[in-house]
Each structure stands twice: as C-alpha cells, then as structure tokens.
Amino acid sequence: MSSTQPNDFSWIINLLFFGFIMLFSLYGAKIQMWQWLNQIKMGLGELGRMADDSKQKAIDTFKEFGRGQDEVTKGIERWLDYFTIMPVDLDPAGVLRRLDHLLDERRDRFQEYVRELAPNANSSVDQNLENTLEVTQVLSLIFRVVRHYYILGKKTGSQLIIMQVQMQMPELLRMAKAYYDAIGAFSDGKPIGDGLGPLVISKFARQYGVSSEGYVQEIGREVGYYPVEAEGRTIYALRATGPGGTVGKPGFAVKTLVDQNKGEIARIITVDAALKLEGEETGRISEGTGAAIGDPGPEKHAIEETATENGIGIEAIVVKEDEAGAVGVMEKKVLDAVPEVIERIREVILKRTKPGDKIILAGIGNTIGIGI
Amino acid sequence: MGLLSKVIGAIISGAGAFILFYGMSDPNMSWVWFFIGLLVISIGFQMLTAGGKQKAPKPPPPTITEVKCDNPTCDFKEIRDFQKGDYVLKPLDAKCPKCGSKMTIQGVYIVKEEDEKDKINV
Ligand SMILES: [Zn+2]
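What counts, and at which threshold
Residues numbered from 1 in each chain as written. Chains lettered and ligands numbered in written order. Predicted model: local features only at pLDDT ≥ 70, side-chain atom pairs only at ≥ 80, totals over all residues. Heavy atoms only, no water. Phe/Tyr/Trp six-rings, centres within 6.5 Å; stacked < 30°, edge-to-face > 60°. Buried < 20%, exposed > 50% of the residue type's maximum accessible area, 1.4 Å probe, protein only. Lys NZ or Arg CZ within 6 Å of the ring centre and 35° of its normal. Domains from an automatic or database assignment. Contact = heavy atoms within 4.5 Å. Buried area = accessible area lost by both parts, 1.4 Å probe. Salt bridge = Lys/Arg side-chain N within 4 Å of Asp/Glu carboxyl O. Polar contact = N/O pair within 3.5 Å; in protein donor to acceptor, adjacent residues only side chain to side chain. Helix = DSSP H or I, 4+ residues; strand = E, 2+ residues; numbered from the N terminus. Arc of directions from axis to C-beta. Nonpolar A, V, L, I, M, F, W, Y, C, P; charged D, E, K, R; others polar.

Moving on, we get to the packing of aromatic side chains. Applying the stated criterion to the full structure yields 10 aromatic pairs over all chains. Ring centres 5.1 Å apart and planes at 55 degrees place the aromatic pair Phe204(A) and Tyr208(A) in the tilted group. Residue class for Phe204(A) comes out buried when judged on its relative accessible area of 1%. Three or more aromatic residues joined by ring pairs form one cluster here, namely Trp79(A), Tyr82(A), Phe110(A) and Tyr113(A). Positioned above the aromatic ring of Tyr109(B) is the side chain of Lys332(A), whose terminal nitrogen or guanidinium carbon lies 5.3 Å from the ring centre.

Below, the structure written as structure tokens:
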C-alpha cells in the first residue's frame, strides 16, 4: 500500500475489471436464468406446501365419515388428477349439449366417489365434501403444472419457458392462496362470497312471507324455487338447494319454468356475485343486461335462448367482490349489500313489469352454508 | 431484528461511501478502494432493503355468526363465534331471551380489514 511501488497492483485490477465485463456479457443471461429458476423454486415450494396442506385437510375432513386414514388417503390421491376432456369444437353443432352431458357425467362421478369415501355423511355434507375435494384438486393441479415447467425449464435451459413461469408466478400464487384460504370454509360448511345469489333469493322470499315450507324442490337438478306473490305479480324465486355446497343447474331450471308458463313470463332477473376490478369497492351493486351466470356455457346458453325465443326481457344485478372473496367465507360488506339488492329487485319489478305478470328471479351461486 | 439490521445496514453503507470517497484520493490504490467501497455499500444496501417484503401472513379473521329474533317487533341480536353446523337461515332451538320467540341465524361472515398501507388510492 505504499506509493513507492506504483504499478504493483494495477495489472490485477485491470484483469479483474476485464474479467468482470466478460463474465457479465457472456454469462449474464445464464445468471439471470439461475436467479429466475431460484425464484420459481421458492414459489413452487409455497405451492407445494399449500397443495399438501389442503390434501391433509381433505383427508382429515373425509376421515370423520366412516373410512380409515389409509383408505381415505389412497382414495383422495387417486382422485387428485381426475380430468374432464372438453368436447370437440371443430364441429360446433351441439357442442353445448355435449359439454352439458360431460359435466353431468363428471358430477355423477364425483358424487359417487364422495359417497364411497364418506359413507356416513348425509347429502348436504356430501356436497361440502365434493367442494373440499374440488379445491384440493385445483391446488394440486396448479402445483403439478408449475412443477412441470420448472423441471422442463431446468432440463432444457429454455429461457422462454423459465421466463413465462417466473412472470406468471405472482398471479399463480395469488390464485392458489385464494383457494387455499377457502378450503376451511368448504370443509366447515361456511357460506362463501359466491353464495350471494341464493342468499338474496331466500331473504327476498322471506321478506314477502314465504318460508322454507313454501320452497318447491327439484325443478331441475339440485334447484328449486319459492313462489312469491309480491306487488301484485307472481315471482318464481329460483336458487340451488342448500345448505350443502352446490351450484345446481339454475339455467336449465329457468328454461323449464319458462316452458311450464308458456307465454306468461314477463321478465328474467338474475342475481350473482361478480368479480370486481381492483380499486372498486367490495359489495358494490351493479346492474346490467344479460344472464349473470358463470357456468362453462350450457346454462347461460339455455337462459339466453329461452329468453330470446319467447321475447322475454333479461337483466342482471350483481354484487362485486374479488376472487379471494368469492371462494372464501362471505364478507360482511357483501352480506350488507343484500337489502339493497332486494330493493333494486323491487324497483325492477315495479318499473318494468305489470301487475299480474309472472317473473323469474334466479339467484346464481354456490349454496354452501345458506339454508332455504 | 428488523430495525437493528437496518441500522447496521445504514452504518455499513455509510462506511462504504466513506471508503469510496476517501480512497479515490489515493493515486495508486484508488481502483482497489473503489471496488472495496462499492462492495461494502452494496452489502449495506442489501441489509437495509432486505426483510421489508417478508410480512408474517396474518391469520384469517374469525368467522362470525349473527343470530336475530324472528319477532319483527323485537330487536334482539346476538353475535357469536361460528360453530360447526351453523348456516344462514338456520332455525335455532334456543328461544329469544328478550321475548321468547324463535331465533334464526341471519348471517355468517368475516370482517376483512383492509390494510391502509396496502391500499392504493387513485
Ligand atoms: Zn325477541
């Protein structure tokens, strides 16, 4: 460190400097990939933990209904990657009918399986178990897909694969977290945010003096209705039958009701929870035209077609919430929106229908924890 | 851990800046001091910024069951913790302590408190 030897170190420094430049210009991308792979690995660990936890929770829940630990574990593991093959849409004619058929089949298989694995559960608990299993499936699927791309990226060193997964990671984690937080709600049978539709229907019916005794069961699969006399009109207030967790098939039930009351239905009103945009207030009520139903297609199609064929006006009232709120336990803000929704329904009835008309009011959503 | 590591980080960063600044005035060794200074600053900054992102996940808020008296003229309302088997619109066996009417569960919900820090106001 003395100034008497001016050039002792300068060559080392120069070498270091060039080495540094070479390293980053030649291996910069490699270093970045390595960094990204590490980030994916961390996220993957988190996803794996959530998948394992939810599986454990599902096993614990199923265990209470008559089968042993080993049997349940084996059964659930076998069911984790159950798949449904979407119908061909190259030949679109009748694709919705085929899809509907497949979805029915899938639901039958699920029910059969849950009955087998939890023989001592009653039907409403069965439905909650189905829901629990579905959440477990979703988390397992997310984990397996991300793991697939992680391993593939590592094996091939493909920047494209690694980059895509790394960039989608925050969104995937957010989604997984929403489902992970929801599993407690499903296994305990608590009402979830998506249950707003059925809740509005039942509270609407009660407000006009129709209790659970007046409920007409099974107009469609797991769907029933309250015949409500309000403001001089007849309102068929339709929802899936709870308090087990099911969404039923309300779309086809609407079609059945229209067919049963040929030419008499004046308006169809659907009530549902809708995804809010970031920045919007949870529990905000919003109105619009169309069928508010988030099924894969067949049911929405059924409502739209029957409305169009019979020239029935169709409108929707939705309450906004985020994804985590929709699959997690119902938030107070959403519950507090119910009276206002009922008030808006009343407004629709008074403004756009005449006394003596018949109206279908359909509450769409999962009925878990919401009694009739 | 949080505050202490931030203080140490700040001190190390300051020391790095000091080395960087005064090392430059040494004509022969300025390169060496430059690198050492940069290294020390980066270590200091690492300590200063680390840990901020890792928040302990908050436990989910408790689920609340709201029970109301069926008698429209009675305003009795009970708020209690969720019990397994509760569902909305479940008629209860317990009678209203105020007027003796039947009671029904009118709501099962959570109260999500939004973190003001996480909220982005536009
Ligand atoms: Zn009372």
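On to the domain arrangement of chain A, then. Residue and element names in this part refer to chain A. If you check the domain split of chain A, you get domain 1 (24-188) and domain 2 (193-363). Each of domain 1 and domain 2 has a C-alpha centre, and these two points are 30 Å apart. Taken together, the contact pairs 19 residues of domain 1 with 21 residues of domain 2. Overall, the association of domain 1 and domain 2 removes approximately 1600 Å² of surface from exposure, summing both partners, and the carbon and sulfur fraction of that is 52%. A per-residue breakdown of the area domain 1 buries against domain 2 is headed by Leu96, Arg107 and Gln127, which together make up 33% of the total. Where domain 1 touches domain 2, the interface holds three salt bridges. Among the ionic pairs, Glu278 bridges to Arg174, the shortest N-O distance being 3.8 Å. Where domain 1 meets domain 2, there are seven residue pairs in polar contact (both at pLDDT 80 or more). Elements represented by at least two residues in the side of domain 1 that touches domain 2 include exactly α3 (95-117), α4 (123-156) and α5 (159-188).

A few words on the domain arrangement of chain B. Many structure descriptions define interface size as the accessible area lost when the parts assemble. Taken as a whole, chain B is organised into domain 1 (3-49) and domain 2 (63-110). Once you take the C-alpha centre of each, domain 1 of chain B and domain 2 of chain B turn out to be 64 Å apart.

The next thing to look at is helix α2 (residues 69-79) of chain A. Residue and element names in this part refer to chain A. Residues of α2 that are buried include every one of Val72, Gly75, Ile76 and Trp79, and no others. Mapping the buried residues of α2 onto a view down its axis gives an arc of 95 degrees, with all of them on the same face. Opposite the packed face of α2, turned more than 90 degrees from it, sit the exposed residues Asp70, Lys74 and Arg78.

If you look at the interface, chain A gives 29 residues, while chain B gives 22 residues. In this structure, Asp188(A) engages Lys84(B) in a salt bridge whose closest nitrogen and oxygen atoms are separated by 3.9 Å. Our enumeration of links across chain A and chain B arrives at seven residue pairs in polar contact (both at pLDDT 80 or more). Contributions of two or more residues to the side of chain A that touches chain B are made by α1 (10-63), α5, α6 (196-207), α9 (323-327) and α10 (332-336) of chain A. With four residues, α6(A) is the single largest residue contributor to the side of chain A that touches chain B. Residue classes in the side of chain A that touches chain B are distributed as 13 nonpolar, eight polar and eight charged.

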